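# Summary of the model geometry
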Amino acid sequence: MAVTWSRPQRRPGMHGASGLFNASRDKIILYVRTRDETSKLAGILGCATYTARSGSTADKTQVIARWIASRTQPFLVATSAFLEGFDYPHVRLVINVNEPDSLVLLAQESGRAGRDGERAYSLVILPSEWKAMTISTDGQGDGMILAQDESLGKLRDRRAMQQYLDGRQCFRTSLSEHLDDPEHRRWCMAGEVPCDICQSGHEDTIGPNGGQQKMETAAG
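Each residue is numbered by its place in its chain's sequence as written, counting from 1. Predicted model: local features are reported for residues with pLDDT of at least 70 only, side-chain atom pairs are reported and counted for 80 or more only, and whole-chain, interface and lining totals are derived from all residues. By convention in this description, side-chain values take in all heavy atoms of the structure and omit both hydrogens and water.

As recorded in an unreviewed UniProt entry, the protein chain goes by the name DNA 3'-5' helicase, listed as coming from Friedmanniomyces endolithicus. UniProt positions are given in the numbering used here, feature names are shortened, and annotations may be inferred rather than shown by experiment. The Catalytic activity (unreviewed entry) comment attached to the protein chain in UniProt states, word for word, "Couples ATP hydrolysis with the unwinding of duplex DNA by translocating in the 3'-5' direction."

Here it is in structure tokens:
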């Protein structure tokens with residue numbers, strides 16, 4: 001899978017690159033957080049929706065089949081109900097409209113794209129007034145307050161989501177730090193599809209003490 005993560009956008013719209021999108025097969029998934037939002041956005045785009053209440057298993061299968069078969073409608077608006085069990089290889093773009101609920105969920109949703117091994121994109125569209133919030137358990141932060149009984153794992157995931165959307169470091173690094181074992185990396189490496197922050201791959205990585213290590217040293 002070759003997905004590149006793009007800088008969160010503060011306005012609606014997307015820009016295609018020449019040769020990126022094959023209209024005869026490629027598809028675009030737009031993820032929203034609620035069923036009401038799916039109806040509103042699908043009404044604007046004139047496309048189908050997929051939610052937990054899209055009918056029986058057979059009904060949902062038909063929604064997907066009609067969408068994949070269409071050569072004129074690339075869009076599908078969905079909630080997180082549209083995740084596991086879908087493996088169509090030619091999803092070229094996954095768009096999250098508004099802030100995803102968690103970084104784990106964002107990774108799962110963006111993972112629908114690029115399963116054919118060709119370049120694909122994950123994009124988050126945020127309101128123009130969006131800003132990263134401090135998440136605390138004691139009410140001392142400047143934004144979101146987490147209930148005392150919520151797990152530390154959920155707290156960590158919300159903080160990671162805010163860090164990712166803030167766009168101050170490599171998107172691949174933000175995902176790796178939260179979802180994988182620490183790799184002491186600070187940017188996309190040579191041979192990887194670069195994210196929108198990095199723009200290009202680097203030969204060196206930054207070690208645990210801030211010193212640079214060659215790629216092969218870090219891998220060892």
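Let us now look at the overall build of the protein chain. Numbering of helices and strands starts at the N terminus; helices are DSSP runs of H or I of at least 4 residues and strands are runs of E of at least 2. Check the secondary structure of the protein chain and you find 6 helices and 8 strands. In the protein chain, which comprises 220 residues, the proportion classed as buried is 43%. Note on contacts: a residue pair qualifies if any of its non-hydrogen atoms lie within 4.5 Å across the two residues. For the protein chain, restricting intrachain contacts to residue pairs at least 6 apart in sequence, the fraction spanning at least 24 positions comes to 64%. What sets the accessible areas is the Shrake-Rupley method with a 1.4 Å probe; for residues, cover comes only from the shown protein chains. For the protein chain, the exposed surface amounts to about 12,000 Å²; the carbon and sulfur share of it is 48%. Note on exposure labels: buried denotes an accessible area under 20% of the residue type's maximum, exposed denotes more than 50%, and partly exposed covers the range between, all computed with a 1.4 Å probe on protein chains only.

In this analysis, rings of Phe, Tyr and Trp, with Trp reduced to its six-membered ring, are considered paired at centre separations within 6.5 Å, and the interplanar angle assigns stacked below 30 degrees, edge-to-face beyond 60, and tilted for intermediate values. Summed over the entire model, instances satisfying the criterion amount to 6 aromatic pairs. An angle of 50° between the planes, with centres 4.8 Å apart, marks the rings of tyrosine 50 and phenylalanine 82 as tilted. With tyrosine 50 in strand 3 (residues 48-50) and phenylalanine 82 in the loop between strand 4 (75-78) and strand 5 (91-97), this residue pair connects regions lying 32 residues apart in the sequence. According to the relative accessible area criterion, tyrosine 50 is buried, its value standing at 10%. Considering the side-chain rings of tryptophan 67 and phenylalanine 82, the 6.1 Å spacing of their centres and the 75° angle between planes classify their relative orientation as edge-to-face. Here tryptophan 67 is found in helix 2 (residues 57-69), whereas its partner phenylalanine 82 is found in the loop between strand 4 and strand 5, with 15 residues between them in sequence.

Take the pairing of strand 5 next. Most of strand 5 sits inside the fold, with 6 of its 7 residues counted as buried. Pairing of strand 2 (residues 27-31) with strand 5, which is carried by 5 bridges, proceeds in the parallel orientation. Considered in strand 5, the bridge of isoleucine 28 is made with leucine 93. Two strands form a pair only when DSSP identifies at least two bridges running between them. Judged from the 5 bridges that link them, strand 5 and strand 6 (residues 119-125) form a sheet pairing that is parallel. Residue asparagine 96 lies in a different strand from strand 6, and its bridge partner there is valine 124. Running through helix 3 (residues 103-110), the crossover from strand 5 to the neighbouring parallel element strand 6 is right-handed. A right-handed crossover is one whose linking path, passing over the helix from the first strand to the second, runs clockwise when the strands point away from the viewer.

Right, let's get into helix 4 (residues 152-166). Take the number of residues in a helix, subtract one, and multiply by 1.5 Å to get its expected span. For helix 4, built from 15 residues, the straight-helix expectation of 21 Å at 1.5 Å per residue is met to within 8% by its first-to-last C-alpha distance of 21 Å. Of all the positions in helix 4, only Leu155, Asp157, Ala160, Met161, Gln162, Tyr164 and Leu165 are classed as buried.

Looking now at the side chain of glutamine 169. For glutamine 169, the position within the fold is in the loop between helix 4 and helix 5 (171-179). Looking at glutamine 169, the relative accessible area reads 19%, which means it is buried. For the purposes of these results, a polar contact is taken to be a pair of N or O atoms within 3.5 Å, where, inside protein, one atom must be able to donate a hydrogen and its partner to accept one; residues adjacent in sequence count only when each atom of the pair is a side-chain atom. Separated by 3.0 Å, the side chains of glutamine 169 and serine 174 make a polar contact. Apart from residues no more than four positions distant in its own chain, glutamine 169 is found in contact with Gln163, Ser174, Glu177 and Ile197.

In contact at an axis separation of 10 Å, helix 4 and helix 5 are set at 170° when each is read in the N-to-C sense. Taken as axis vectors, helix 4 and helix 5 run roughly antiparallel relative to one another. From helix 4, Arg156, Asp157, Ala160, Gln163 and Tyr164 reach across to helix 5, where they touch Phe171, Ser174, Leu175, Glu177 and His178. Residues are grouped as follows: Ala, Val, Leu, Ile, Met, Phe, Trp, Tyr, Cys and Pro are nonpolar; Asp, Glu, Lys and Arg are charged; all remaining types, including Gly, are polar. Looking at the contact of helix 4 with helix 5, its residues break down into 4 nonpolar, 3 polar and 3 charged. Interaxial angle, 0 to 180 degrees, is taken between N-to-C directions of lines fitted to C-alpha atoms, where a helix line uses only the stretch in contact. Relative orientations are named as follows: roughly parallel for angles under 35 degrees, roughly antiparallel for angles over 145 degrees, roughly perpendicular for angles from 65 to 115 degrees, and oblique for any other angle.

One rule of thumb: low pLDDT means the predicted coordinates there are not for detailed reading. Residue-level confidence of the predictor is summarised by pLDDT, bounded by 0 at the bottom and 100 at the top. Residues with a pLDDT of 70 or more make up 74% of the protein chain, whose mean pLDDT is 77. Here residues 7-18 is modelled with pLDDT under 50, and outside its nearest four sequence neighbours on either side it reaches 28 contacts, counting other chains as well. A low-confidence stretch, residues 207-220 stays under pLDDT 50, and its non-local contacts, those more than four residues away or across chains, total 17 contacts.

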